[in-house]
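What follows is the residue order along each chain.
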Amino acid sequence: MFRSGVSRRKFLQWSSAGLGAAALAACVPAPGAPAAGTGADAEPVVIRFHGRTGVQGDHFIERARAFEEENPGITIKEELFPNAEYHQKMEVLLAGQTIGDTFWTVLLSGLYHRYANQGVLLALDDLIASDEYDLGVFFPESLDAASHAGSMYSLPWICHPGRVGCYYNKQLLADNGLEEPPEDGDWTFEDLLEYATVLTQDTDGDGQIDQFGMQPGRDPWSLLVWARGSGGEIFDEEGETSLLDSEETLSAIRFVYDLMHTHNVAPSPDQQTSDMFVSGRIGMAQSGYWGQSWVNRIGDRFELGAVPMPKGPAGINGSMYEFDPACIWAGTEHPDEAFEWVKWLANQETGIRIAEAGSVPGSRPDVWEHERLTKSPMHNVFTNIMYNVLPFRGPGNFRGLEFRDAYSNGMDPIWLGNEEPENLVPEISAKIQEILDKPAS
């Protein structure tokens, strides 16, 4: 279960740590220094902010305008990039020392801890202490993840328990005499296979499957849900050893492979299109909290339901705690104003609004438990998972993007059915291990 706050000892550990890399220390204004432009006739301080376009980008823009109304001395200048280009754009800005004052990043890529490790991020301990900011409003797991070398380098913005949702077409289940899966997640891989077998059909009699039963995720963090349900992991606890080829994780890969190529109840990558589930041609689909936004594309075609992904051979439902941070560049000339903006992104109202917009809720229990969200049964499914979520694990050397690419490129022949998992996974695991053996980036 989540704790209700942060221990005094832990907070003092965070508060006593210094800034990041010494190379940046000389050019970083001291937190708490007098803010620029605070006189009556001063121009508003401009805080540049980087984030992704799309649902989140629209959210950032809306919250920036609301923030400016409450803080007339500060203007937020959004510089948003498409998701596929975001990390590359950030690298270019960092290389040219033209990065904005504040920005979004993500835990999975490893870039958050990499930036903290390299001194790119401003340690927030002094700002938190001088502001008497209450860290106890956040899930402690977010605070643990936001901490690096004893300091806080961000405030948590959003969080979720991973790709843990099994969404389903209520109409297809009812039409095929299937009861809805249990809301408490007390069902098994074998149960899911039975459902998927019934739902997989050649509806027009041409000898080709045109309605599949299940759409599993194939990315590493979707696979992790299957692996943890099977008692496996992708990394050891320190993130130093690849466990992709462990017996438990390999059995999970085999199960997903079999869904596609043995039982033929799930589309392989060359069979799947982006609209298959929302158009009613797939009965069940794996996704995260954000999958609830499918209702906007489904329209009145069918009613959407969601339950936890099933338990695997280990008798547990797989999950992984994830959070997205809001950070401040170590070279900002306006740390106080930047901190006000980061606090705004981490407040309760912002956390509720981003969930309502179709992303995921803020990293606070008072967001997840707010009546504006709890009125949704699907939200409550994910809330129950949050209170039993398994911890985050990623590469200990922060090379998350390299890991992702090695995994994706290596696994593609398996998901396409060109290679058996047992033949190729040890080779992929060895390549991942080569990445984990590199020094911290």
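All values reported here derive from a predicted model rather than from experimental measurement. (Residues numbered from 1 in each chain as written. Predicted model: local features only at pLDDT ≥ 70, side-chain atom pairs only at ≥ 80, totals over all residues. Heavy atoms only, no water.)

S.K.: Let's hear about the packing of helix α10 (residues 220–229) against helix α11 (residues 247–261): which residues, and what values?
M.R.: For any two helices packed against each other, the geometry comes down to the angle between their axes and how far apart the axes lie. Packing of α10 against α11 brings their axes to within 8 Å, and their N-to-C directions diverge by 115 degrees. In the packing of α10 onto α11, the handedness of the crossing is right-handed. Here α10 contributes L223, W226 and A227 to the contact with α11, which in turn contributes T249, A252, I253, F255, V256 and L259. For the contact of α10 with α11, the residue count by class is eight nonpolar, one polar and no charged. (Axes fitted to C-alpha atoms, helices over the stretch in contact; angles between N-to-C directions. Helix = DSSP H or I, 4+ residues; strand = E, 2+ residues; numbered from the N terminus. Left-handed = near helix turned anticlockwise from the far one by under 90°. Contact = heavy atoms within 4.5 Å. Nonpolar A, V, L, I, M, F, W, Y, C, P; charged D, E, K, R; others polar.)

S.K.: Outline the side chain of E233, supporting the account with residue identities and numerical values.
M.R.: Topologically, E233 is positioned in the loop between α10 and α11. A distance of 3.0 Å separates the side chain of E233 from the side chain of R228, its partner in a polar contact. The residues contacting E233, other than those within four sequence positions of it, are L224, R228, L243, L244, S246, T249 and R393. (Polar contact = N/O pair within 3.5 Å; in protein donor to acceptor, adjacent residues only side chain to side chain.)

S.K.: Describe the layout of surface pockets, with residues and values.
M.R.: The volume enclosed by the largest pocket comes to roughly 1,400 Å³. In terms of lining residues, the largest pocket is bounded by 46 residues, among which R52, N83, R163, D219 and W290 are the most central. Of all the secondary-structure elements, those providing two or more residues to the lining of the largest pocket are α3 (55–70), α4 (83–95), β6 (155–160), α10, β9 (282–287), β11 (322–328) and α18 (400–415). Of the residues that constitute the lining of the largest pocket, the class distribution is 17 nonpolar, 20 polar and nine charged. L107, H113, F392, R393 and G394 are, among the 22 residues lining the second largest pocket, the residues nearest its centre. (1 Å grid on protein atoms, 1.4 Å probe; cavity = no way out; pocket = protein on both sides within 12 Å on 5 of 7 lines; lining within 4 Å. Points joined across faces, edges and corners; volume = space filled by probe spheres on them.)

S.K.: So what's going on with the pattern of salt bridges? Residues and values would help.
M.R.: Where side chains of opposite charge bring their charged atoms close, a pairing between them can arise. In total, this model carries 26 salt bridges according to the counting rule given. Notably, a salt bridge pairs R65 with E68, separated by 2.9 Å at the nearest N-O pair. Of this pair, R65 and E68 both sit in helix α3, three residues apart, which is roughly one turn of that helix. Note on E68: relative accessible area 18%, which makes it buried. (Salt bridge = Lys/Arg side-chain N within 4 Å of Asp/Glu carboxyl O. Buried < 20%, exposed > 50% of the residue type's maximum accessible area, 1.4 Å probe, protein only.)

S.K.: A description of the nonpolar core should follow, citing residues and the corresponding values.
M.R.: Core analysis: the biggest nonpolar cluster contains 133 residues, and F103, L155, W226 and M284 have the highest contact counts within it. With eight residues, α11 is the largest single contributor of residues to this core. Other than its neighbours up to four places away in sequence, L155 contacts L124, I128, Y133, L135, F138, P325, A326, F339, V342, K343 and A346. (Core = buried A, V, L, I, M, F, W, Y, C linked by side-chain atoms within 4.5 Å.)

S.K.: Explain α11 residue by residue, including any values.
M.R.: In this model α11 runs 20 Å from its N-terminal to its C-terminal C-alpha over 15 residues, within 8% of the 21 Å that 1.5 Å per residue would give. With respect to burial, α11 is a largely interior element, 11 of its 15 residues being buried. Regarding α11, the residues found buried are T249, L250, A252, I253, R254, F255, V256, Y257, D258, L259 and M260. Where the residues of α11 are buried, they touch α9 (189–199), β8 (212–215), α10, α18 and α19 (421–436). (Expected span 1.5 Å × (residues − 1).)

S.K.: Kindly report on the sheet that holds β8, identifying the contributing residues and their values.
M.R.: The strand order β8-β9-β7-β10 describes an open sheet built from four strands, whose pairing is mixed. Lying at the two open borders of the sheet, with one neighbouring strand each, are β8 and β10 (304–308). For this sheet, the mean angle separating the axes of adjacent strands, direction not counted, is 20 degrees. As paired strands, β8 and β9 are joined by three bridges and run parallel to one another. Paired with F212 across the strands is I282, a residue of β9. (Pairing = 2+ DSSP bridges.)

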